[in-house]
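Below are the chains, spelled out letter by letter.
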2 protein chains.
Amino acid sequence: MKDVARHASVSVSTVSYVLNGTGPVSQERRERVLEAVKMLSYTPNEAARGLRQRSAPTVGLIVPDLTNPYFAMIAEGVERYSSERDALVVLCAPEVAGTSSSEPTTTRLLRSQRLSGCIFLSGASAVPRSLMELTELGPVVLVDELLPGFGLPAVVSDNRSGARAVAAHVLSMGHRRVGIIGGPSTLWSSHQRLAGYREAFASGGIEPDSIPLEVGDYRQESGFDAARLLMARSAGSDRITALVCANDLMAVGAIEYLRSQSLRVPEDVSVVGFDDVPFARSLTPRLTTVRQPAHDMGARAAELLFSLLENPDMSPPDYEPLPVELMVRDSVQPPRA
Amino acid sequence: MKDVARHASVSVSTVSYVLNGTGPVSQERRERVLEAVKMLSYTPNEAARGLRQRSAPTVGLIVPDLTNPYFAMIAEGVERYSSERDALVVLCAPEVAGTSSSEPTTTRLLRSQRLSGCIFLSGASAVPRSLMELTELGPVVLVDELLPGFGLPAVVSDNRSGARAVAAHVLSMGHRRVGIIGGPSTLWSSHQRLAGYREAFASGGIEPDSIPLEVGDYRQESGFDAARLLMARSAGSDRITALVCANDLMAVGAIEYLRSQSLRVPEDVSVVGFDDVPFARSLTPRLTTVRQPAHDMGARAAELLFSLLENPDMSPPDYEPLPVELMVRDSVQPPRA
DNA sequence: TTGTACGCGTTATCAC
DNA sequence: GTGATAACGCGTACAA
């Protein structure tokens, strides 16, 4: 910066004025400065800038499992929006239980002021105890999941009505004996989806409490296991004819189990999912599911975080779930006989 | 830090000595310092530290498409290794052509010294012109792709022998009329795989030049299109009986096209892929493919970058491709008739 | 062994 | 309008 000032025959403060748009500078000098900047291909040192301003435009993105395409899409949304705002996105994998030292990396990072705030993509089963510490260090925005009791701002989609829609569709195809594979009971989304399913079935005249339910952890293997338990429970002539799964990955696992038992999908058992991950439509049969605006959710979470950063004691805006969309494909067919 | 010094009744330098392990400090004072640090829950300001040391332990991860599970796995590997080293991983999506301002974000970032180096996951079709600038600003490590002529260190897998292995498997099942869906011709991996396929077919007595080839861009849609072109070329009785695809996503696209033409997979046409993305084994039929050690590749790339950072003028180590594994599943069956 | 003082590159506060 | 100059929080020669 000194060099630039020298080349332009001005003082460093003038250079700063020009670059930050703060302070009045004569047209002539401004041009000289800009020219010098270009000549020397000068770029401000962000470390120094952050040092002075006590903050760096950097958002932490805590994501449990990038391999889940749904999460990856949210991450992309966050990245896209943030990079437009010239902010860095730092990837944080949460601690693997047991592996961690006494203090979670994420907390250490936020504390060391390398992160201005973070976006928390919970998705995994439980709420890390470190979340409370996190919130004391900077703004935290939740995506995809609500944490009742924490009062944290969140961007989520309308899980409940999505669940209602997909269950209603199953009903409308004539299924009466259904089973539900739910998500982790600790998660808000699991409850919402379950509630949605039950509402739909209830209004179709099916007693919600009579519907067999198994809970998984949103991963494929757990779908396999849950399907096994569910099918074992309903032997004989009143075998389940449709499996309603709380996400796509578990639906895939369920299908795998059904096939391993020589049950055909959808002829013998219909299956639906939730999320609409990219490969859902490439499965055989193409998976009926609920599309969540993953990309958009990521972007909005970032947007929310930035406004929180600019206006620290802003009250979190009214929470309004984003709309979802039922994707009717061919993994649901009328039950036979 | 001043506070800590005061609490421990020592000078700031002593605190610094203790924290960085540099300089000799008496046992007694050391303990006092550590206690004060804990009491005040002090954490060094990384901005200041970076300012002083002219570097921050931060690696940029440039990834074209997180939605591709294969890339996501590599990213996870990078994250895992880096966080063990207390380094941040910054996610960079490359510029979308046309969207960008004159200067790519990535370059700006590296130049502004917020990144100490970066890991380049090319995968996409072309080499950004900004790569050269990048290399001047800090160490760059390539993953999954080699860029001949740049002399950049890289971590890749043995694409060629993997390709040879799948192709050999297709041959061994009795296929003689095969078609190849290759990757972007600008990419090293595409050439390697193509070479591998041809070697295998040649040693099976099939003239490599006679094998129909279409090129895609590693994305699903392009697989669909390529399959269409390939099948159109081989009408009638010598219709292709097996499609060898340079990655899983294109294989999925190809299968989709075949089905749209009422061709059954694998009864009418066998299909193989490359990468072994997680859902490959959940497709119907389960996709025969080549597993690349994605996670490991990410970790090794990070490892390489760190050693380059510590030892700037180290010569890039001998390049040795990581082994891959043929995953035989049921998308390949003997041709009928 | 410990403390003092300076510099890292910026920005903000003041005089001019 | 412009230019000195003092922070920002840390590392580290150097003096004590």
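Residues numbered from 1 in each chain as written. Chains lettered and ligands numbered in written order. Predicted model: local features only at pLDDT ≥ 70, side-chain atom pairs only at ≥ 80, totals over all residues. Heavy atoms only, no water.

In the annotation of an unreviewed UniProt entry, chain A is listed under the name LacI family DNA-binding transcriptional regulator and assigned to Longivirga aurantiaca.

Attention now moves to the protein's contact with DNA strand C. By nearness alone, 25 residues border DNA strand C, and A:Met1, A:Tyr42, B:Arg29, B:Arg52 and B:Arg54 come closest of all. In DNA strand C, atoms within 4 Å of the protein come 64% from sugar and phosphate. Contact distances for DNA strand C include 3.2 Å between a base oxygen and a side-chain N or O atom of A:Tyr17. The contact in question runs from a base oxygen of DNA strand C to an N or O atom on the side chain of A:Arg52, over 2.7 Å. Listing elements by their share of the surface near DNA strand C, those giving two or more residues are helix 2 (12-20) and helix 4 (46-53) of chain A together with helix 2 (12-20) and helix 4 (46-53) of chain B. A breakdown of the residues in the surface near DNA strand C according to their chemical character gives ten nonpolar, ten polar and five charged. (Near = heavy atom within 4 Å. Polar contact = N/O pair within 3.5 Å; in protein donor to acceptor, adjacent residues only side chain to side chain. Helix = DSSP H or I, 4+ residues; strand = E, 2+ residues; numbered from the N terminus. Nonpolar A, V, L, I, M, F, W, Y, C, P; charged D, E, K, R; others polar.)

Okay, the pairing of strand 2 (residues 88-92) of chain B next. Summarising burial for strand 2 of chain B: five of the five residues are buried, a large majority. In strand 2 of chain B, alternate side chains face the same way, and those of B:Leu88, B:Val90 and B:Cys92 on one face and B:Val89 and B:Leu91 on the other are all buried. Direction of pairing for strand 2 (residues 88-92) of chain A relative to strand 2 of chain B: antiparallel, over a ladder of three bridges. In the sheet register, A:Leu91 faces strand 2 of chain B, and the bridge partner there is B:Val89. Sheet topology note: the strand 1 (residues 58-62) of chain B/strand 2 of chain B ladder contains five bridges and is parallel. (Buried < 20%, exposed > 50% of the residue type's maximum accessible area, 1.4 Å probe, protein only. Pairing = 2+ DSSP bridges.)

This part is about the relation of the copies chain A and chain B. Both copies of the chain are tied together by a single rotation about an axis and a shift running along it. For the match of chain A to chain B, the screw axis carries a shift of 0.1 Å, the RMSD comes to 0.2 Å, and the turn is 180 degrees. Viewed as a symmetry operation, the transformation between the two copies matches a two-fold axis. Interface residue correspondence from chain A to chain B reaches 98%, placing this contact among same-surface, isologous pairings. (Least-squares fit on C-alpha atoms with pLDDT ≥ 70 in both. Contact = heavy atoms within 4.5 Å.)

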